[in-house]
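The chain contents come next:
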Amino acid sequence: MSKFLDSRYSGLAAYVPGEQPQDKKYIKLNTNESPYPPSEETLAAVNKSQVELLRLYPDPDGRALTKKIAELYGVESENIFLANGSDDILNFAFMAYCANGRKSYFADITYGFYSVFANLHGSDYTEIPLEEDFSSDYKKFCGVDGGVFIANPNAPTGLALGLDAVEEVIKSNPDNVVVIDEAYVDFGGESASSLVKKYDNLLVVQTFSKSRSMAGARLGFAIGSKEIIGDLHKLRYSTNPYNINRLTLAAGEATIDSQSYYDGNCKKIIETREWTISELKKLGFEILPSKANFIFAKNDKIDGEKLYLELKEQGVLVRHFTSQRIKAYNRITIGTPEQMQVLVEKIKDIITEAV
Ligand SMILES: *Cc1c(COP(=O)(O)O)cnc(C)c1O
């Protein structure tokens, strides 16, 4: 840290992304990327003529892509906000609604970026403890006095709240913005996007990073009331109006045009998830019922960190968190059936040696 850094930031604990090691080729099951490539249409959209056009700035409003997303979700273009990954949107939401001592509420076990953004923007935040079994008592988020952030399905647990519960939270907080982060909704959750017309305090956040095989392109979007979307545009135009590059916009449009390919991938990932759960249960794992493209698993026969390290040694990366409540667990992204077979075989060997 330099002596020049503003004292506001000197105590900031930055977000720690899952590792992206470059030393050897791993089976990568640690950052919830899709194991499947983008569609043929998406690949074709990022072509020589698009690269030639890189000399020009992109459309700062991404109008063509905005229109396609609006049609897919049955809303107007004014209800859609595009950003450089959904993290960009979460940042703007904290900046707009929870900064400088304003309050925010999120679960104690959830996406680690919420507390980072809360600290960055000086939010007075409260972490609401999940129940013993990691389920969420949605009533604890009802009628609070600040912004609410709920990942649904939640990360890293994979557990999902039903739409009725989500609606109760939105309805009971008419004076506060409720952000529903749906990064994993395409793997079996229920989207709150249909509620946007009914509630002006709702912001639904989604991403192309998980179900749409575009983590490297950085593209997220939000669905909300015209007023909320207007707030976000104001902040975006005050920081970086060209926050989405041309190639990503082109890829995003082709991706929406080939939505059925991505729906097929989600179906395969759900099937592979259920297969993996049943195989790991045979090996004595306890696994939370997941609606995401990952599972959260522990086994009393082996320490969470030990399993993570041994798998890494053998070329398989999973995600281990060190915080007290979840350190017995590993979060394992669902890959292809072949990758998951390798994972199960390796875990079998590791456990046999451990006992
Ligand atoms: C992956 C993830 C994000 C961020 O996704 P990007 O669009 O890649 O920035 C946001 N929220 C949750 C819960 C996630 O798991």
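Draft legend 1. Local environment of the sheet that holds strand S2 (residues 80-83). As summarised here, the arrangement of the seven strands in space is S2-S8-S7-S6-S5-S3-S4, forming an open sheet in which the pairing is mixed. In this open sheet, the two strands that pair with only one neighbour each are S2 and strand S4 (124-128). Across the sheet, the mean angle separating the axes of adjacent strands is 20° when strand polarity is ignored. Of the pairings in the sheet, the one linking strand S5 (residues 147-151) to strand S6 (residues 178-181) comprises four bridges and is parallel in character. In the strand pairing of S6, Ala151 is matched with Asp181. Along the sheet face, helix H5 (residues 86-97) touches S2, strand S3 (103-107), S5, S6, strand S7 (202-207) and strand S8 (220-224) and points at about 155° away from the line of S7.

Draft legend 2. The arrangement of the site of the ligand in detail. By nearness alone, every residue bordering the ligand is listed as Gly85, Ser86, Asp87, Tyr111, Asp181, Ala183, Tyr184, Thr207, Ser209, Lys210 and Arg218. At a separation of 2.7 Å, a nitrogen atom of the ligand approaches a polar side-chain atom of Asp181. The contact in question runs from an oxygen atom of the ligand to an N or O atom on the side chain of Arg218, over 2.8 Å. Burial of the ligand by the protein chains amounts to 93% of its free accessible area of 380 Å². Considering only residue class, the shell around the ligand consists of three nonpolar, four polar and four charged.

Draft legend 3. Focus on the sheet that holds strand S10 (residues 294-298). The strand order across the open sheet formed by three strands is S9-S10-S12, and the pairing between neighbours is antiparallel. Each edge of the open sheet is held by one strand with a lone partner, namely strand S9 (286-287) and strand S12 (329-333). Strand direction decides the pairing type here: S9 and S10, joined by two bridges, are antiparallel. The partner of Glu286 across the bridge, within S10, is Lys298.

Draft legend 4. Broad picture of the domain arrangement of the chain. Here the chain is described as being made up of domain 1 (17-37 + 260-354) and domain 2 (40-257). The distance between the C-alpha centroids of domain 1 and domain 2 comes to 26 Å. Contact between domain 1 and domain 2 buries roughly 2,100 Å² in total, counting both sides, with carbon and sulfur atoms accounting for 63%. When residues of domain 1 are sorted by the area they lose upon contact with domain 2, Tyr262, Lys291 and Arg325 head the list and together hold 35% of the total.

Draft legend 5. Expanded view of the pairing of S8. Counting buried positions along S8 yields five of five residues, so the element is predominantly enclosed. Of the two faces of S8, the one holding Gly220, Ala222 and Gly224 and the one holding Phe221 and Ile223 are both buried throughout. Relative to S8, S2 runs antiparallel, the two sharing four bridges. The residue bridging Phe81 from the neighbouring strand is Ala222, located in S8. As paired strands, S7 and S8 are joined by five bridges and run antiparallel to one another. Across the sheet, residue Gln206 finds its bridge partner in S8, namely Phe221.

Here is what the cut-offs are and how they apply
- Residues numbered from 1 in each chain as written.
- Predicted model: local features only at pLDDT ≥ 70, side-chain atom pairs only at ≥ 80, totals over all residues.
- Heavy atoms only, no water.
- Pairing = 2+ DSSP bridges.
- Helix = DSSP H or I, 4+ residues; strand = E, 2+ residues; numbered from the N terminus.
- Axes fitted to C-alpha atoms, helices over the stretch in contact; angles between N-to-C directions.
- Contact = heavy atoms within 4.5 Å.
- Near = heavy atom within 4 Å.
- Polar contact = N/O pair within 3.5 Å; in protein donor to acceptor, adjacent residues only side chain to side chain.
- Areas by Shrake-Rupley, 256 points an atom, 1.4 Å probe, with all protein chains shown as cover.
- Nonpolar A, V, L, I, M, F, W, Y, C, P; charged D, E, K, R; others polar.
- Domains from an automatic or database assignment.
- Buried area = accessible area lost by both parts, 1.4 Å probe.
- Buried < 20%, exposed > 50% of the residue type's maximum accessible area, 1.4 Å probe, protein only.

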